[in-house]
Amino acid sequence: GTGKTTLAKKLSKYFNLSLYTTDQLVWRKWRVDKRSDEEIKKKIKEIVTGDAWILEGVHGWHWMEEAFKEAEFVIILCLPFWLTAYRIFRREFIEKRTNKFQNRLLLFKYAYIYKNGHFPRHKRFVSLFSKKHVILKSRKEVGGFLFSLQ
């Protein structure tokens, strides 16, 4: 709902970088077959030892530390919850991208959890590794960031 995937796809195309998502790392089969932490760490290691990459996602677990450590630049999206909730509603209930009603409702929960749990953890990782980063808090800031790349 924040536009993570949309932004990651644009950056991947613009800079010709490989794009990976944390959902791809976590799930063998979406919301059915979850990988172990060790499997996820191994996959992250494979990605971050590559030449150029974008890793998109909201997972804030301890296994993300390696990605933050190896990243050259970190973009954190922390848009207002109302906007995230609206986008989730539009995408999941109007466009009906997710088939199960239960999965649609979980997305609102995950958006809330990110804002109150994973976002502070991501900020801590950025400061821990002294990474160049930007925290974008509005649609206007995301647009300005993309415009600055041109």
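Since the structure is predicted, the reported quantities are computational estimates derived from the model, not experimental observations.

Observations concerning the side chain of Glu66
Locating Glu66 in the fold gives a position in helix H4 (residues 65-70). One polar contact links Glu66 to Lys45, side chain to side chain, over a distance of 3.3 Å. Leaving out residues up to four positions away in the same chain, Glu66 has contacts with Ile44, Lys45 and Val48.

Concerning the packing of helix H1 (residues 4-15) against helix H7 (residues 139-149)
The geometry of a pair of packed helices is captured by two quantities: the angle between their axes and the separation between those axes. It is at 12 Å that the axes of H1 and H7 come closest, and there the two elements cross at 5 degrees. The angle between H1 and H7 falls in the class roughly parallel. On H7, the residues touching Leu7, Lys10, Leu11, Tyr14 and Phe15 of H1 are Phe145, Leu146 and Leu149. Taken together, the residues of the contact of H1 with H7 sort by class into seven nonpolar, no polar and one charged.

A look at the nonpolar core
Ile44 and Met64 are the most contacted members of the largest nonpolar core, which has 20 residues in total. For this core, the elements supplying multiple residues, two or more each, are helix H2 (22-26), helix H3 (37-48), strand S4 (53-56), H4, strand S5 (73-77) and helix H6 (101-128). In terms of residue count, H3 provides more of this core than any other element does, four residues in total. Counting ten residues, the second largest nonpolar core, distinct from the first, contains Leu7, Leu77, Leu136 and Val142.

The rules behind each value
- Residues numbered from 1 in each chain as written.
- Predicted model: local features only at pLDDT ≥ 70, side-chain atom pairs only at ≥ 80, totals over all residues.
- Heavy atoms only, no water.
- Helix = DSSP H or I, 4+ residues; strand = E, 2+ residues; numbered from the N terminus.
- Polar contact = N/O pair within 3.5 Å; in protein donor to acceptor, adjacent residues only side chain to side chain.
- Contact = heavy atoms within 4.5 Å.
- Axes fitted to C-alpha atoms, helices over the stretch in contact; angles between N-to-C directions.
- Parallel < 35°, antiparallel > 145°, perpendicular 65-115°, else oblique.
- Nonpolar A, V, L, I, M, F, W, Y, C, P; charged D, E, K, R; others polar.
- Core = buried A, V, L, I, M, F, W, Y, C linked by side-chain atoms within 4.5 Å.
- Buried < 20%, exposed > 50% of the residue type's maximum accessible area, 1.4 Å probe, protein only.

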